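Examining the three-dimensional arrangement
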Amino acid sequence: MKFLEPLDLQGMVIPNRVMVPAMVTRLADEEGWVTQEIQDRYVRYAKGGVGLIVVEAMAIHHSNAGPLLRISDQKFVPGLAEMVKQIHGASDSKVVPQIIHFMKISKSGWRQTVDMLSHEDIDTIVEQFGDAVARAREAGFDGAELHAAHAYTLSSFLSRRNMRKDEYGGSMEGRLRILGRVVESVRRKAGADFPVGIRILADEFITDGSTVSDSKLIALRMAQLGLAYISLSVGGKFEDAEHAAGQVPHPYNGYSGDRCMPGAQYPAALHAGLTREIKAFLNAKGYQVPVAGAGKISDPDDAERVLADGSMDFVGIARGLLADPDWVLKVARGEIDRIVKCDYCNVCKHLDGAHKKVVCFLWPKGMMQAPDDNAQGSAPGWPNGSANLRVGLNGDTATLQWDKAEGAARYDVYRASDDGDVVIEDAVKVTRWMDNSILGGLTYRYYVRACSASGQAGAPSNVVMIKPDGPSVERDREADRAPAMA
Ligand SMILES: Cc1cc2nc3c(=O)[nH]c(=O)nc-3n(C[C@H](O)[C@H](O)[C@H](O)COP(=O)(O)O)c2cc1C
Ligand code: SF4
């Protein structure tokens with residue numbers, strides 16, 4: 001499989017093309033120190049053989065932001081260095097920190113925007129990025145990633161919604177200007193041979209925001225600046241965030257946030273078309289800088305397809321790897337069946353928004369890390385072999401129920417509509433599931449599998465089928481057809 005092949009990112013050779021993109025864990029303490037829990041989280045990805053681990057956004061300055069890692073002072077280097085040492089000790093995964101600057105924001109909903117920054121502020125930010133990347137190098141990271149995506153400072157400069165009237169706004173070159181200065185500062189302070197990648201947006205998904213037409217040019221400039229890789233995300237903006245009274249606005253609860261961390265209702269690999277367009281543009285201009293994308297890629301077939309069709313050079317799998325950090329190992333061993341599949345319920349996203357410790361809903365209750373892999377563990381099963389799965393129609397909703405299986409941590413619910421592929425629709429911890437997305441006139445088949453905490457899936461249950469009535473017009477058509485078919 002192509003995604004299991006190594007890739008050279010300007011001398012940082014990642015052992016496979018699977019990246020866990022930055023995901024804030026809220027496991028740092030309020031001052032931004034590395035904790036045992038945060039270290040365990042990243043060592044876990046290394047043990048699972050993830051090619052490139054991007055450690056969650058860490059700030060280059062001291063502004064308040066709840067529990068968020070910091071790289072804003074020399075005093076944070078030893079803690080970060082110990083974490084990197086543990087990660088390197090666990091496997092040949094490569095590890096980079098995501099380096100972030102964000103602006104001020106308050107519970108009233110007020111927020112600082114780039115047009116409020118003075119020239120002095122900009123100079124400070126530029127130097128702080130350079131200092132932070134130099135500290136990352138000192139801490140032993142294999143490279144660094146500049147965070148120029150979502151709602152944060154660099155992304156806000158790049159945005160069409162940048163309202164500055166001076167040389168840092170207006171034109172495309174103006175919006176790009178600070179990035180050029182940041183990269184120069186990083187090179188000067190951390191060395192030109194230290195691999196530095198960047199995360200930018202393929203589309204902001206906000207009214208009057210930047211689209212893929214802008215992103216192609218932004219990506220091209222990043223390639224011209226010689227960055228080691230370009231990681232593409234989308235959305236995650238304050239402009240359309242819903243503000244709950246008395247709470248700090250969260251840039252992931254509007255539509256753009258929805259696109260950034262798409263829930264169960266969105267299709268798989270939904271942003272691959274955008275990354276394909278940007279990568280093709282870069283290649284046509286003569287740049288081969290590796291490109292990655294993310295967004296509901298966790299099926300190994302999807303991961304392979306987006307590499308094979310030229311959508312990206314390496315694959316970002318965020319929530320899929322949170323749910324199962326052993327994804328790479330399991331795929332490499334051909335144990336696809338044992339992957340704990342993220343169902344995109346977004347419990348993790350909501351924990352992040354509430355500044356609570358981020359865990360996966362599918363892990364056993366109370367656990368702060370994914371359960372250890374246990375390839376020898378036994379799969380749960382139903383007493384006397386029967387799940388007794390049954391289905392009934394409750395109005396327009398199909399309701400499934402089944403018996404409890406011994407040793408089950410959760411149940412995967414599978415569905416096939418008509419002759420369509422079988423898809424895991426959900427993962428639940430109870431023995432009941434409701435499907436309100438069915439359409440009258442189509443046939444649906446379901447089965448469930450009981451799974452252990454480390455992913456052993458038992459044999460499929462009995463299959464049940466339901467065909468809700470279609471509209472009466474359709475029923476008449478069927479009646480008309482019936483004699484002809486007889
Ligand atoms: C809990 C959580 C925290 C995140 N934190 C960050 C972050 O610090 N920096 C970042 O660039 N993206 C962050 N993201 C976005 C992810 O990196 C990723 O782009 C997004 O989840 C879509 O990928 P997926 O569908 O594979 O999960 C976060 C996502 C989640 C769910
Ligand atoms: S909490 Fe839900 S969305 Fe987040 S990783 Fe777990 S299954 Fe996926």
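Residues numbered from 1 in each chain as written. Chains lettered and ligands numbered in written order. Predicted model: local features only at pLDDT ≥ 70, side-chain atom pairs only at ≥ 80, totals over all residues. Heavy atoms only, no water.

**Some words on the overall build of the protein**
Put simply, the rule reads: Counting from the N terminus, the helices are the DSSP runs of H or I reaching at least four residues and the strands are the DSSP runs of E reaching at least two. Within these notes, the globule rule equals 2.2 Å times the number of residues to the 0.38 power, and the radius of gyration is based on C-alpha atoms. Each residue gets one of three labels from its accessible area relative to the maximum for its type: buried under 20%, exposed over 50%, partly exposed in between, using a 1.4 Å probe on protein chains only. In this analysis, two residues are considered to be in contact whenever any of their non-hydrogen atoms come within 4.5 Å of each other. For accessible areas, the Shrake-Rupley method is used with a probe of radius 1.4 Å. Any residue's cover is judged against the shown protein chains and nothing else. Here Asp and Glu are counted as negative and Lys and Arg as positive; His is not counted, and neither are the chain ends. Every charge is mapped onto a representative atom, which is NZ of Lys, CZ of Arg, CG of Asp or CD of Glu.
Along the backbone of the protein there are 13 helices and 17 strands. Relative to its length of 486 residues, the protein is compact, with a C-alpha radius of gyration of 24 Å against a globular reference of 23 Å. Projecting the C-alpha coordinates of the protein onto the three principal axes gives extents of approximately 80 × 50 × 50 Å. Burial statistics for the protein: of 486 residues in total, 55% are counted as buried. Summarising the internal contacts of the protein: among those between residues at least 6 apart in sequence, 70% fall at separations of at least 24. Carbon together with sulfur atoms contributes 50% to the accessible area of the protein, which is approximately 20,000 Å² in total. Each charge class in the protein was averaged separately, 56 positive and 63 negative side chains, and the resulting centres sit 1 Å apart.

**Details of the site of ligand 2**
The criterion, for reference: Here a residue is considered near a molecule or strand provided that any single heavy atom belonging to it is located within 4 Å of it. In this count, Pro and Cys sit with the nonpolar residues alongside Ala, Val, Leu, Ile, Met, Phe, Trp and Tyr, while Asp, Glu, Lys and Arg are called charged and the others, Gly among them, polar.
Near ligand 2 you find R319, L322, C342, D343, Y344, C345, N346, V347, C348, C360, F361 and L362, and these make up its full shell. Elements represented by at least two residues in the shell around ligand 2 include exactly helix 10 (319-323) and helix 12 (347-353). For the shell around ligand 2, the per-class residue count stands at 9 nonpolar, 1 polar and 2 charged.

**What to know about the site of ligand 1**
Definition in use: Side-chain atoms alone can form a polar contact between residues adjacent in sequence; in general such a contact is a pair of N or O atoms within 3.5 Å, and within protein one must be able to donate a hydrogen while the other accepts it.
In the neighbourhood of ligand 1, 21 residues make up the surrounding shell, with A22, Q98, R199, K296 and R319 lying closest. Contact distances for ligand 1 include 2.9 Å between a nitrogen atom and a backbone N or O atom of V24. Taking R319, its side chain carries an N or O atom lying 2.6 Å from an oxygen atom of ligand 1. In the complex, the protein chains occlude 98% of the 610 Å² of accessible area that ligand 1 would expose alone.

**Observations concerning the domain arrangement of the protein**
Basically, it comes down to this: Domain ranges listed in this record stem from an automatic or a database domain assignment. Two parts placed together each lose some accessible area; with a 1.4 Å probe, that loss summed over both constitutes the buried area. Salt bridges are counted wherever a side-chain nitrogen of Lys or Arg sits within 4 Å of a carboxyl oxygen of Asp or Glu.
Split into domains, the protein comes out as domain 1 (2-353) and domain 2 (383-466). Each of domain 1 and domain 2 was reduced to a C-alpha centroid, and the two centroids are 36 Å apart. Domain 1 puts 7 residues into the contact, and the matching count from domain 2 is 11 residues. Summed over both partners, the interface of domain 1 with domain 2 comes to about 690 Å²; 38% of that surface belongs to carbon and sulfur atoms. For the interface between domain 1 and domain 2, the tally reads 1 salt bridge. We note a salt bridge from R449 to D337, for which the minimum N-O separation is 2.8 Å. Summed over the shared surface of domain 1 and domain 2, the number is 4 residue pairs in polar contact (both at pLDDT 80 or more).

**A short note on the packing of aromatic side chains**
Rules: Only the six-membered ring of Trp is used, alongside the rings of Phe and Tyr, when aromatic pairs are assigned; centres must lie within 6.5 Å, and planes under 30 degrees apart are stacked while those over 60 apart are edge-to-face, with the rest tilted. Put simply, a charge is over a ring when the Lys NZ or the Arg CZ is close to the ring centre, within 6 Å, and near the line of the ring normal, within 35 degrees.
By the definition in use, this model includes 10 aromatic pairs. When the ring of F3 is compared with that of W327, the centres are 5.4 Å apart and the planes differ by 45 degrees; the resulting orientation is tilted. With F3 in the segment before strand 1 (7-9) and W327 in helix 11 (residues 327-332), this residue pair connects regions lying 324 residues apart in the sequence. A single burial state applies to F3 and to W327, both of which are buried. Between R259 and the ring centre of F205, over which it is positioned, the NZ or CZ distance is 4.1 Å.

**Observations concerning the sheet that holds strand 17 (residues 464-466)**
To keep things clear, this is the line we draw: Here the rule is simple: two strands pair whenever DSSP picks up at least two bridges between them. For helices, the fitted line uses only the C-alpha atoms of the stretch in contact; every axis is such a line through C-alpha atoms, and the angle between N-to-C directions lies from 0 to 180 degrees.
Pairing within the open sheet is antiparallel, and its 4 strands lie in the order 14-13-16-17. Since the sheet does not close on itself, it has two edges, and those belong to strand 14 (423-428) and strand 17, each with one partner. On average, each strand axis in the sheet is inclined to that of its neighbour by 25 degrees, with strand direction left out of account. Sheet topology places strand 13 (residues 410-417) next to strand 16 (residues 444-451); 8 bridges connect them, and they run antiparallel. What sits directly across from Y414, in strand 16, is Y447.

**Points about the sheet that holds strand 9 (residues 291-293)**
With respect to topology, 8 strands assemble into a closed barrel ordered 3-4-5-6-7-8-9-10, the strand pairing being parallel. Recorded for the sheet is a direction-independent mean angle of 30 degrees between the axes of neighbouring strands. Both strand 9 and strand 10 (residues 314-316) contribute to a ladder of 2 bridges, which runs parallel. Bridged to G293 within strand 10 is V315. Sitting on the sheet, helix 6 (residues 212-224) is in contact with strand 7 (196-203) and strand 8 (230-234), with an inclination near 170 degrees to strand 7.

**Section: the pattern of salt bridges**
Evaluated as defined, the whole model comprises 30 salt bridges. Here R160 and D214 are joined by a salt bridge, their closest N and O atoms 2.9 Å apart. You can see R160 sitting in the loop between helix 4 (153-158) and helix 5 (172-190) and its partner D214 sitting in helix 6, a full 54 residues away along the chain. Within the structure, one salt-bridge network assembled from shared partners comprises E127, D131, E184, R188 and K189.

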